[in-house]
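The residues making up each chain are set out below.
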Amino acid sequence: DPGADASLCGMAATGASGTNAVRYGTMRPNVLNLRVVLPDGRLLHTAGPGRQPRKRAAGYDLTSLFVGSEGTLGFLTQATLRLHPLPEATAATIASFPSVGAAVACTVQVLQAAVPVARIEFLDEVMADACGRYSGVGLPVAATLLLELHGSRNSLAEQQRQTEEIVRLNGGSGPAWAEEPEERGRLWAMRHNAWYAALALRPGCQGYSTDVCVPISRLPNVVVETKQDLQDSGLTGPMVGHVGDGNFHCILIFNTQDPEEAQRVHAFTKRLGRRALAAGGTCTGEHGVGLGKRALLLEELGQEGLDTLRSIKAALDPHNLMNPGKVL
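If you're wondering where the values come from, they're calculated on a predicted model, not measured in any experiment.

Asks: Quick question: what am I supposed to make of the sheet that holds strand 3 (residues 75–81) here?
Replies: Strand-to-strand pairing in sheets goes through backbone hydrogen bonds, with the strands running parallel or antiparallel. Strand order in the open sheet formed by three strands is 2-1-3, with antiparallel pairing between adjacent strands. The strands lining the two open edges of the sheet, one partner per strand, are strand 2 (43–45) and strand 3. Mean inter-strand twist for the sheet, computed between neighbouring axes without regard to direction, equals 15°. Summarising the sheet, strand 1 (residues 31–37) and strand 3 pair through six bridges and their orientation is antiparallel. Its bridge partner being in strand 3, Asn-33 is matched across the sheet by Thr-80.

Here's what the structure looks like:
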């Protein structure tokens, strides 16, 4: 379930995911083979021409090497993807909570209870308000979870009961389930418009999206600390995330003509990345390293890890033709 302007090879190149990743996985486990044009013009099929096994142990895992390579090792021109069957029954709901901590704690408990949830998306109260107003959906101005369950009709009823109980234990509103495709479509369209809803908070300003990913057990503390950091920094930064994976985003809306505000934005993103690293997580869950997180990559992997990446880059692209300066 990628963003509206995403391409499959672009998703593979950044190691991205979508709202269904908590159940069906990110791009990495769903890419079986890639056709790549290498910097010297040769054509590489990372798993061999025409091959699409669900698992393999033949040599180095070239497919995983190019997933997340951000165009620094070659052009991804074709992707062979794993398919998943459509579920017999689907139900989606919205639940509101008294705090961001309660909403994220509910997420952790749903996962720990082994509810086979397909999507758990988090909106803080700023994002919920923005999405509700932008999409014309009546949402309470409160920390919010959007949940979706997939399964057989019989199993779905048990999943709904478990989820409702955990939501109530965390002070959440009693969820009403939407099972019709049109109603579910409106709910997820609201979530997919989050970027535009955030931009509408400050017309004429620019959006800067950053994300991190942490172990699920550390997620509530990291989210609460990040929320406090945003408030202390005086920034407009609604929070939204694929929290079922421990992944969340801050969409920072700021005036690019104000150097002082831009500096506060960049300082916040560095603190966020380091907060995730201190919690045993990663500085980027699905947006790639690009240019802005190169210093954090050294802190995450260490000098040995970075030297190994540079050796791979030099071997495949000795003339530094592909996205020079990115990642490394």
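There is more to say, and it comes next.
Asks: Whenever I open this one, the domain arrangement of the protein chain confuses me. Can you help?
Replies: In many reports, interface size means the accessible area that the parts give up when they come together. In terms of domain boundaries, the protein chain breaks down into domain 1 (8–81) and domain 2 (89–279). Computed from C-alpha atoms alone, the centre-to-centre distance between domain 1 and domain 2 is 28 Å. Between domain 1 and domain 2, the residue contacts involve eight residues of the former and 12 residues of the latter. Buried surface at the junction of domain 1 and domain 2, both sides included, amounts to about 850 Å², of which 50% is carbon and sulfur. Of all residues in domain 1, the largest losses of buried area upon contact with domain 2 belong to Thr-19, Val-22 and Arg-23, amounting jointly to 69% of the total for that side.

Asks: Got a minute to help me understand the packing of aromatic side chains in this structure?
Replies: Aromatic ring pairs are described here by two measures, namely the spacing of the ring centres and the angle between the planes. Applying the stated rule across the entire model yields zero aromatic pairs. Positioned over the ring face of Trp-188 is Arg-119, at 4.3 Å from the centre of the ring.

Asks: Please clarify how the packing of helix 11 (residues 259–278) against helix 12 (residues 294–316) should be interpreted in this entry.
Replies: The relative placement of two packed helices is expressed as an angle between their axes plus a distance between the axes. Look at helix 11 against helix 12: their axes get within 11 Å of each other, and the N-to-C directions meet at 10°. In this view, helix 11 runs roughly parallel relative to helix 12, as classed from their interaxial angle. Contacts between helix 11 and helix 12 involve Lys-270, Gly-273, Arg-274 and Leu-277 from the former and Leu-296, Glu-299 and Glu-300 from the latter. Considered class by class, the residues forming the contact of helix 11 with helix 12 number two nonpolar, one polar and four charged.

Asks: Looking at this structure, how should I read the pairing of strand 6 (residues 143–151)?
Replies: Strand residues, when the strand is regular, have side chains that alternate between the two faces of the sheet. For strand 6, the buried fraction is high: nine of the nine residues fall into the buried class. Residues of strand 6 alternate between two faces, with Ala-143, Leu-145, Leu-147, Leu-149 and Gly-151 on one and Thr-144, Leu-146, Glu-148 and His-150 on the opposite face, all of them buried. Bridge count between strand 4 (residues 89–97) and strand 6: nine bridges; the pairing is antiparallel. The residue of strand 6 that forms the bridge with Ala-91 is Leu-149. Here six bridges tie strand 5 (residues 117–123) to strand 6, and the two strands are oriented antiparallel to one another. When the bridges of strand 6 are listed, Ile-120 appears paired with Leu-147.

Cut-off values and rules
Residues numbered from 1 in each chain as written. Predicted model: local features only at pLDDT ≥ 70, side-chain atom pairs only at ≥ 80, totals over all residues. Heavy atoms only, no water. Pairing = 2+ DSSP bridges. Helix = DSSP H or I, 4+ residues; strand = E, 2+ residues; numbered from the N terminus. Axes fitted to C-alpha atoms, helices over the stretch in contact; angles between N-to-C directions. Domains from an automatic or database assignment. Contact = heavy atoms within 4.5 Å. Buried area = accessible area lost by both parts, 1.4 Å probe. Phe/Tyr/Trp six-rings, centres within 6.5 Å; stacked < 30°, edge-to-face > 60°. Lys NZ or Arg CZ within 6 Å of the ring centre and 35° of its normal. Parallel < 35°, antiparallel > 145°, perpendicular 65-115°, else oblique. Nonpolar A, V, L, I, M, F, W, Y, C, P; charged D, E, K, R; others polar. Buried < 20%, exposed > 50% of the residue type's maximum accessible area, 1.4 Å probe, protein only.

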